[in-house]
Amino acid sequence: MSTRRSYAIVASEYNPELVQELVNSAASELNSQSTGATVVLYQVPGAFEIPIVVQELARTQVYSAIIALGVIIYGKTDHGRLISETVTDHLMRISLENKIPVIHEVITAPDETTAQARVGKEYDRGAEAARAAVEMAQLLNDIARREVSR
Amino acid sequence: MSTRRSYAIVASEYNPELVQELVNSAASELNSQSTGATVVLYQVPGAFEIPIVVQELARTQVYSAIIALGVIIYGKTDHGRLISETVTDHLMRISLENKIPVIHEVITAPDETTAQARVGKEYDRGAEAARAAVEMAQLLNDIARREVSR
Amino acid sequence: MSTRRSYAIVASEYNPELVQELVNSAASELNSQSTGATVVLYQVPGAFEIPIVVQELARTQVYSAIIALGVIIYGKTDHGRLISETVTDHLMRISLENKIPVIHEVITAPDETTAQARVGKEYDRGAEAARAAVEMAQLLNDIARREVSR
Amino acid sequence: MSTRRSYAIVASEYNPELVQELVNSAASELNSQSTGATVVLYQVPGAFEIPIVVQELARTQVYSAIIALGVIIYGKTDHGRLISETVTDHLMRISLENKIPVIHEVITAPDETTAQARVGKEYDRGAEAARAAVEMAQLLNDIARREVSR
Amino acid sequence: MSTRRSYAIVASEYNPELVQELVNSAASELNSQSTGATVVLYQVPGAFEIPIVVQELARTQVYSAIIALGVIIYGKTDHGRLISETVTDHLMRISLENKIPVIHEVITAPDETTAQARVGKEYDRGAEAARAAVEMAQLLNDIARREVSR
């Protein structure tokens, strides 16, 4: 990729050690995939607060892609599921409305062990998110160029 | 934080003792986190009525953040789940449409004991909501300032 | 309350005896809570048809609140759940878009006994809906007055 | 009813024998309930394709009501549930946006026997849909007339 | 069909062998159903990224239909379900907003064996999607012509 890109990461602070691993891995992979890329990080209290920040960043049209990171461990109540569903839906909406790739790695898990496996080396969802962000930024550029030339 | 802020709490009246604990804890934490802050409280019959009041308050653009508090104990019917899902989704929408933090602590629980643990000292969701409101009010301000200066 | 108000009830015809109890109880409570109030009733075949009528009535801006009443008994198929979810969501949307309280007492139940308990004296959801309608009509008036004067 | 009406049926082709029974029963009941009514039929491959056709027909403002018919038998995957949920939600949206009754008898069933009972004489959802369409067409007319004259 | 048509396939790269079978089968069936048709293929990292590409292609108004292909195997977390639900809903929305058939064959399965059966000869969802795309392209043309002439 020849042009320098900017990426934003929006991460929730709940389950901070797990989220930190996601953030570190995503930022590091962004740098290795997209040389010279700028990466900014915003932190919000919980996952429910992620979309409003993603929306405000998307509207600046400064970023090539935005990555949403967080860890929701489902407890005894329905709260985790309710939050996950609306966060998922609104990350999608923001992406479509602003024509910007939004990568969704707000992890939901029944317990901490399952969450840890996704955060750590086994699945490494942070790095995966970074690669998806870089790939999608390129792809949307390509589509804009290719489809216009028809 | 240097400027004085205004916060609104919208609380449902169902399960009144539990909700009162949430409200008291949230109001008290708002005052300790944000000195001199104004806190207004509106009460509605049930959780389904929360979003319309949150919307009307959000549109005034007077408040730095709005906190939705309530307790839904799931019964033998699907009603609690149905209400929870639409309330969650519309609190998110109102937040995004009005660019205002809406903090969602409408608690859902399978029984009163589980609800009580979230309302009381163990989880203290009221205080947590207040801290999230203050943090998000500050963060949205920061984003507006930082992103514009790019 | 000093001014005379108009309320609309929109009720589905499925499970007619149960719905009739809801309607009677709601209408009677509206009259005792809000002296001289006008109450109009519209009936639709099933719960899926409730929102379009609620929407048309909401748009007239004639009513102080609209009450949706119905009884959905879940059968062997997913139909009841699907209908309940979309009805719940669209009653909320119509309320928010038209700034009018919409009270949702479309009861969902796994069987007739559970539905009967909610319709009858034990829970008396019809009267509860009426009280919520009157309270919300007053509250939205208060908010309009109080928030404008700031 | 004194004026001649037009109704549209949009049916999916999956599980063709079952859907055919729904269509036949709906068309026959429309003719007996609404003398001289015009009934047009459009067929689409699967239930997911129903809403786009319902939308295009609704926008013509030619039809008094549109009936959506189909049979989704849930298999080993989530596909049937996913399709049912979005179809239900979008039939509702199209109805509200275009102020036209949309009758939803896209049947979901865990197996063919359960579907057959709903399609055949036991429940006869096709005829039920037709009666709902005729009743709703009349009701929306009445509302337009009655509410305007206030 | 007399006029030459263009179709787009948008496929996710997760579970690549399974998706490749879907793509091959869909492309081959498109060519046999619609002689001389142009078929373009876009690939995205995961299913969550499908809708933004479908949207951008839909807005060009170049394609007669767009086919979304992917395989989501549900794991130990809720992620697969969350993604499937929002993808399903937004493929529908994009279809309705742009009046273009969007065929949804993003397969969800509890395990690889179940997914394989849908991808391979037993169910052959790729070919099914292609036939639905061709049929729907023709049908929407017919509706435009027929309904306008009324």
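Predicted model only: the values in this text are computed from it and were never measured.

### Quick word on the overall build of chain A
1) Next: Secondary structure assignment for chain A yields 5 helices and 4 strands.
2) Next: Written out in order from the N terminus, the α and β elements of chain A read β-α-β-α-β-α-β-α-α.
3) Next: Its C-alpha radius of gyration of 15 Å places chain A within 12% of the 15 Å reference for a compact globule of 150 residues.
4) Next: By principal-axis analysis of the C-alpha atoms, chain A measures approximately 55 × 30 × 25 Å.
5) Next: With 150 residues in all, chain A has 57% of them scored as buried.
6) Next: Summarising the internal contacts of chain A: among those between residues at least 6 apart in sequence, 76% fall at separations of at least 24.

### Section: the sheet that holds strand 3 (residues 65-73) of chain A
Sheets are built from strands paired through backbone hydrogen bonds, the pairs being either parallel or antiparallel.
Residues and elements named next belong to chain A.
1) Next: Pairing within the open sheet is parallel, and its 4 strands lie in the order 2-1-3-4. Edge positions in the sheet fall to strand 2 (38-44) and strand 4 (102-109), since each of these pairs with one other strand and no more. Across the sheet, the mean angle separating the axes of adjacent strands is 15° when strand polarity is ignored.
2) Next: Judged from the 5 bridges that link them, strand 1 (residues 6-12) and strand 3 form a sheet pairing that is parallel. Looking across to strand 3, one finds that Ile9 is bridged to Ile67.
3) Next: Lying on the sheet, helix 2 (residues 50-60) is in contact with strand 1, strand 2, strand 3 and strand 4; it crosses strand 3 at an angle near 175°.
4) Next: Helix 3 (residues 79-98) rests against strand 3 and strand 4 of the sheet, and its axis sits at about 175° to strand 4.

### A few points about the pairing of strand 3 (residues 65-73) of chain D
Residue and element names in this part refer to chain D.
1) Next: Counting buried residues in strand 3 gives 8 out of 9 residues, a clear majority hidden from the surface.
2) Next: The pairing of strand 3 with strand 4 (residues 102-109) spans 8 bridges and is classified as parallel. In the strand pairing of strand 4, Val71 is matched with Ile107.
3) Next: Since strand 3 and strand 4 lie parallel, the crossover through helix 3 (residues 79-98) that links them has a hand, and here it is right-handed.

### Structural notes on the relation of the copies chain D and chain C
1) Next: Least-squares fitting of chain D to chain C yields an RMSD of 0.0 Å, with the transformation described by 0.0 Å of translation along the axis and a rotation of 72°. Look at the turn and shift together and you get a five-fold axis relating the two.

What counts as what
Residues numbered from 1 in each chain as written. Chains lettered and ligands numbered in written order. Predicted model: local features only at pLDDT ≥ 70, side-chain atom pairs only at ≥ 80, totals over all residues. Helix = DSSP H or I, 4+ residues; strand = E, 2+ residues; numbered from the N terminus. Rg over C-alpha atoms; globule rule 2.2 N^0.38 Å. Buried ≥ 20, exposed ≤ 12 C-beta atoms within 10 Å, placed from the backbone. Contact = placed C-beta atoms within 7 Å. Pairing = 2+ DSSP bridges. Axes fitted to C-alpha atoms, helices over the stretch in contact; angles between N-to-C directions. Right-handed = clockwise from strand over helix to strand, strands pointing away. Least-squares fit on C-alpha atoms with pLDDT ≥ 70 in both.

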